[in-house]
Amino acid sequence: MTCIRSTSFSLCLNGSIFGYFKGKRGLRQGDPISPLIFTICMDYLTRMINYAVSRWPFQYHPLCKASKLNHLMFSDDLLMFCKGNAASIMLLLRVFSSFSRAYGLSMNSSKSEVYYNGVGQQLKDDIQWATGFVEGSMPFRYLGVPIKVGRLTKSECNTIAEKMVSRIRSLGARKISYAGITYGMAMLNIIESLLLPGTRLLCLNMRGCLGIKKARVWNYATVAKLVDWIYGKADRFWIRWINQVYLKGRDWHEYEPPADAAWSWKNICKVKNLMKAGYTDGHWTADPRGYSIRNGYEWLRMQQPKQDWVNRTTGALPPKVCLKQKVHFLVLAACYYQVWTQRNNVRMNHVLLKPDKVTEHIIDEVRSRIRRKLKEPVSSSDKVWLAKWGML
């Protein structure tokens, strides 16, 4: 406790430091040991609550009885659960009052609320009189996530989606150089300019030959980490809750979710079905070191059909399609080829062309391929369309 009791502060005035005074309470702001000390203190609160509910009459919330869940906390955000009766509520309040006297941490009544479900008005009045807390309404936010009885609506999830998008944008701004962004935009612009509006582009499975991960497959591999925890019965509260609420002793390998299950749980089960072939007797057999997101991604990628990279880049025309569809195909083939070429130039020759130059190469490549490949008669409307790009 020396590091806590010996805290002192100095004042900086007009660029000069003057004197110091001893801190009477707490740590300096930003002290790296502060989170650890706070966690130790809050762990004592957990022990006090668990001891009290095991010794004195206490009734769990109906949905928390099997898992014996009576509180959740993250930093200084605390949620406490119990059945809607005075004895259980007062027991939790007495425990927290003892904790406050011991550590000097108290609840902020103006920021504390009570949430009821199926409780009579008289009991509500008694609880609010005893606690001083106001009655809250659903949904409320805990750690930025809306909490309510039932499923969240699309509008209620908008805030979470906006936060995720902003995080992705800020990450891109920090990690991707201006040259990389410009080059990527040039590639998208040339594809958009040469293809007809509304043309549907299909993402081809190139087996990662450009070093670009497939976001959907990577997402499956990430969710599969949760699947692996369920297979291994990891010592996590979430896994215990899943076993008590959903699995209920059934075989996870053959389990299928009920029709009324949550969307998130159905998607976890969907990923489990994708990964089943990699598990034997509940163990990940594709890698002796066990499951990881990286080896799960590689395993999923290898399950997909292999594409003919040579034909995709050399522009072998698909049969029985119209002229514009053939041009669209040649545009994509030229883009693939130029991306592959520029990637090799950067890796092997340390040369990175400007985006405008790469765009010119793509257009020239498309023009030369069209002149070589298109030998059948061309309609007048197609001639106008080709002439627009100087391809005749």
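The structure we're discussing is the one just above.
Calculation criteria
- Residues numbered from 1 in each chain as written.
- Predicted model: local features only at pLDDT ≥ 70, side-chain atom pairs only at ≥ 80, totals over all residues.
- Heavy atoms only, no water.
- Patch = residues over 30% accessible without salt bridge, like charges linked within 9 Å, V, L, I, M, F, W, Y side chains within 5 Å.
- Areas by Shrake-Rupley, 256 points an atom, 1.4 Å probe, with all protein chains shown as cover.
- Salt bridge = Lys/Arg side-chain N within 4 Å of Asp/Glu carboxyl O.
- Helix = DSSP H or I, 4+ residues; strand = E, 2+ residues; numbered from the N terminus.
- Expected span 1.5 Å × (residues − 1).
- Buried < 20%, exposed > 50% of the residue type's maximum accessible area, 1.4 Å probe, protein only.
- Arc of directions from axis to C-beta.
- Contact = heavy atoms within 4.5 Å.
- Pairing = 2+ DSSP bridges.
- Axes fitted to C-alpha atoms, helices over the stretch in contact; angles between N-to-C directions.
- Parallel < 35°, antiparallel > 145°, perpendicular 65-115°, else oblique.
- Left-handed = near helix turned anticlockwise from the far one by under 90°.
- Nonpolar A, V, L, I, M, F, W, Y, C, P; charged D, E, K, R; others polar.
- Phe/Tyr/Trp six-rings, centres within 6.5 Å; stacked < 30°, edge-to-face > 60°.
- Lys NZ or Arg CZ within 6 Å of the ring centre and 35° of its normal.
- Core = buried A, V, L, I, M, F, W, Y, C linked by side-chain atoms within 4.5 Å.

Next up on the list: a nonpolar patch on the surface. A contiguous nonpolar surface patch, about 400 Å² in accessible area, is contributed by Leu11, Leu13, Phe18 and Phe21. Elements that contribute at least two residues to the nonpolar patch include exactly strand E1 (8–13) and strand E2 (16–22). Secondary-structure assignment places Phe18 in strand E2.

Our focus in this paragraph is helix H9 (residues 263–275). Here H9 is 13 residues long and its end C-alpha atoms lie 19 Å apart, about the 18 Å a rise of 1.5 Å per residue gives. Three or more residues of H9 are buried, namely Trp265, Ile268, Cys269, Val271, Lys272 and Met275. Take H9 and look down its axis: the buried residues cluster within an arc of 160 degrees, on one side only. Buried-residue contacts for H9 involve helix H7 (215–232), helix H8 (237–247), strand E9 (279–280), strand E10 (283–284) and helix H10 (293–303).

As paired strands, strand E3 (residues 71–74) and strand E4 (residues 77–80) are joined by four bridges and run antiparallel to one another. Note that in E4 the partner of His71 across the bridge is Met80. From the end of E3 to the start of E4, which pair antiparallel, there are two residues, and Ser75 there has a positive phi angle of about 55 degrees.

Next up on the list: the packing of H7 against H10. Where H7 meets H10, the closest approach of the two axes is 8 Å, and the angle between their N-to-C directions is 130 degrees. On the basis of the axis angle, H7 is oblique to H10. By crossing handedness, the relation of H7 to H10 is classed as right-handed. Contacts between H7 and H10 involve Val217, Trp218, Tyr220, Ala221, Thr222 and Lys225 from the former and Ile293, Gly296, Tyr297, Leu300 and Arg301 from the latter. The residue inventory of the contact of H7 with H10, partitioned by class, reads seven nonpolar, two polar and two charged.

Any two side chains of opposite charge can pair, so long as their charged atoms come close to each other. Using the criterion set out here, one finds seven salt bridges in the structure. Across the pair Arg47 and Asp43 runs a salt bridge, and its minimum N-O distance is 2.9 Å. In this pair, Arg47 and Asp43 both sit in helix H2 (residues 34–55), four residues apart, roughly one turn of the helix. Judged by relative accessible area, which is 35%, Asp43 ranks as partly exposed. Two residues, Glu135 and Lys124, come together in a salt bridge whose shortest N-O distance is 3.3 Å. Note that Glu135 is positioned in strand E6 (residues 134–135) and Lys124 in helix H4 (residues 121–131), a separation of 11 residues in sequence. Take Glu135: its relative accessible area is 40%, and that puts it in the partly exposed class. For Lys124, a relative accessible area of 14% corresponds to the buried category.

In this chain, Met138 is followed by Pro139 through a cis amide linkage whose omega measures -5 degrees. Structurally, Pro139 is set in the loop between E6 and strand E7 (140–142). With a phi angle near 55 degrees, Lys68 is a residue other than glycine that sits in the positive phi range. Relative to the helices and strands, Lys68 resides in the loop between H2 and E3. Judged by its relative accessible area of 56%, Lys68 is exposed. For Asp281, which is not a glycine, the phi torsion comes out positive at approximately 55 degrees. In this fold, Asp281 is placed in the loop between E9 and E10.

Turning to the packing of H7 against H8, a few remarks are in order. Each pair of packed helices can be described by the angle between their axes along with the distance between the axes. Running from N to C, H7 and H8 cross one another at 75 degrees; their axes reach a closest spacing of 10 Å. Here H8 runs roughly perpendicular to H7, going by the angle between their axes. Of the residues in H8, those touching H7 at Leu226, Trp229 and Ile230 are Trp238, Ile239, Ile242 and Leu247. The residue inventory of the contact of H7 with H8, partitioned by class, reads seven nonpolar, no polar and no charged.

Applying the stated criterion across every chain yields a total of 15 aromatic pairs. With a centroid separation of 5.8 Å and 50 degrees between ring planes, the pair formed by Phe96 and Phe99 is classed as tilted. Residue Phe96 and its partner Phe99 are located together in helix H3 (residues 86–103), separated by three residues, close to a single helical turn. One exposure class covers both Phe96 and Phe99, and it is buried. The rings of Tyr231, Trp241, Tyr246, Trp252, Tyr255, Trp265, Tyr279, Trp284, Tyr291 and Trp299 are connected pair by pair, giving a single aromatic cluster. Cation over ring: Arg236 sits above Trp229, and NZ or CZ is 3.8 Å from the ring centre.

In terms of nonpolar packing, the biggest core is built from 26 residues, with Ile230, Trp252, Trp265 and Met275 touching the most fellow members. In terms of residue count, H7 provides more of this core than any other element does, eight residues in total. Those residues in contact with Trp252, other than ones at most four positions away along the chain, are Val227, Ile230, Tyr231, Leu247, Trp265, Ile268, Cys269 and Lys272. Of all hydrophobic cores here, the second largest spans 22 residues; its members include Phe58, Leu91, Tyr116 and Ile127.

Let's shift gears to H7. If you check H7, its first and last C-alpha atoms are 26 Å apart, about what 18 residues at 1.5 Å a residue would give, namely 26 Å. Taken together, the buried positions of H7 are Val217, Tyr220, Ala221, Val223, Ala224, Val227, Asp228, Ile230 and Tyr231. Buried positions along H7 lie against H8, H9, E9, E10 and H10.

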